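Chain by chain, the residues run as shown.
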Amino acid sequence: MTTIFRPRFKEINPTSDQEQIILGSNLGDGTLTSPYRTGTFINSALKILHTSKQEEYLTWKHSMLMPFVHPIHRMTVSDGIRVYFSTGSHDYFTKLRSLWYPDGKKIFLLSNVKHMNWLGLAVWFMDDGTRGYSHGSEYGFISTEGFGMEVQPIIRNFLLSQFGLLTTVVVTGHGLTKIRLSASAMRILKIELRPYIIPSMLYKLGF
């Protein structure tokens, strides 16, 4: 089996802020690539993809993860344009892949998120969070359906113990479950996340 090295990214030592952006992206729209492709071992990389409407957000992530990222690219799909970039392939991301994808599917483990702070949560919320307003009450959601029904209570307890956020688990129209943020949780997020939310994504907090 051939190993491909990328000397340009020989050293990847993320700062604490970069680790939080990687963490939030792993929970959200980011994907850690498989290190085994076409019979060849290539270290994993973090790939981040958004719609063209969130290009400013993607550009912010790209700038924050300098200098170990490749250029931003655009592609046309059936329902519009996507913008994306990848980090360099590196052992750092291969090790993360083994933690987040032990059986080939992304999972939620407390051991992977125990060091999350408000910046990491802000990235997760910008990726997967939404805001609602009904009958004079504000609420929110985090799209956690992909982690499975049995994991939702674990995510709830994590958000409560780590950030003091009161949540419930709700069933979606497709029979899946996700996290609903209470009005009190949204009030906390408006205060704690605002310093980290980029201007084009402030709508997610109702600003």
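Residues numbered from 1 in each chain as written. Predicted model: local features only at pLDDT ≥ 70, side-chain atom pairs only at ≥ 80, totals over all residues. Heavy atoms only, no water.

*Asks:* Quick one: what's the story with the pairing of strand S7 (residues 129-134), residue by residue and with numbers?
*Replies:* Pairing analysis gives six bridges linking S7 to strand S8 (residues 137-142), with the strands arranged antiparallel. The partner of Arg131 across the bridge, within S8, is Gly140. Hairpin connection between S7 and S8: a loop of two residues separates the two successive antiparallel strands, and His135 in this loop has a positive phi of roughly 55°. (Pairing = 2+ DSSP bridges. Helix = DSSP H or I, 4+ residues; strand = E, 2+ residues; numbered from the N terminus.)

*Asks:* Lay out the packing of helix H2 (residues 55-64) against helix H5 (residues 118-128) with the relevant residues and their values.
*Replies:* The geometry of H2 relative to H5 is characterised by a closest axis approach of 12 Å and an angle of 150° between their N-to-C directions. By the criterion of interaxial angle, the relationship of H2 to H5 is roughly antiparallel. The interaxial crossing formed by H2 with H5 has left-handed handedness. Listed contacts from H5 to Tyr57, Trp60 and Lys61 of H2 are Leu119, Val123, Met126 and Asp127. Among the residues forming the contact of H2 with H5, the class breakdown is five nonpolar, no polar and two charged. (Axes fitted to C-alpha atoms, helices over the stretch in contact; angles between N-to-C directions. Parallel < 35°, antiparallel > 145°, perpendicular 65-115°, else oblique. Left-handed = near helix turned anticlockwise from the far one by under 90°. Contact = heavy atoms within 4.5 Å. Nonpolar A, V, L, I, M, F, W, Y, C, P; charged D, E, K, R; others polar.)

*Asks:* Give a detailed account of the sheet that holds strand S10 (residues 177-181), specifying residues and quantitative values.
*Replies:* With antiparallel pairing, the four strands of this open sheet are ordered in space as S7-S8-S10-S9. Pairing within the sheet leaves two strands with one partner each, and these edge strands are S7 and strand S9 (167-171). When the angles between neighbouring strand axes are averaged without regard to direction, this sheet yields 35°. Taken together, the five bridges between S9 and S10 define a ladder with antiparallel strand orientation. Along S10, the bridge assignment pairs Val170 with Lys178. Contacts from helix H7 (residues 183-192) reach S7, S8 and S10, with the element oriented near 80° to S8.

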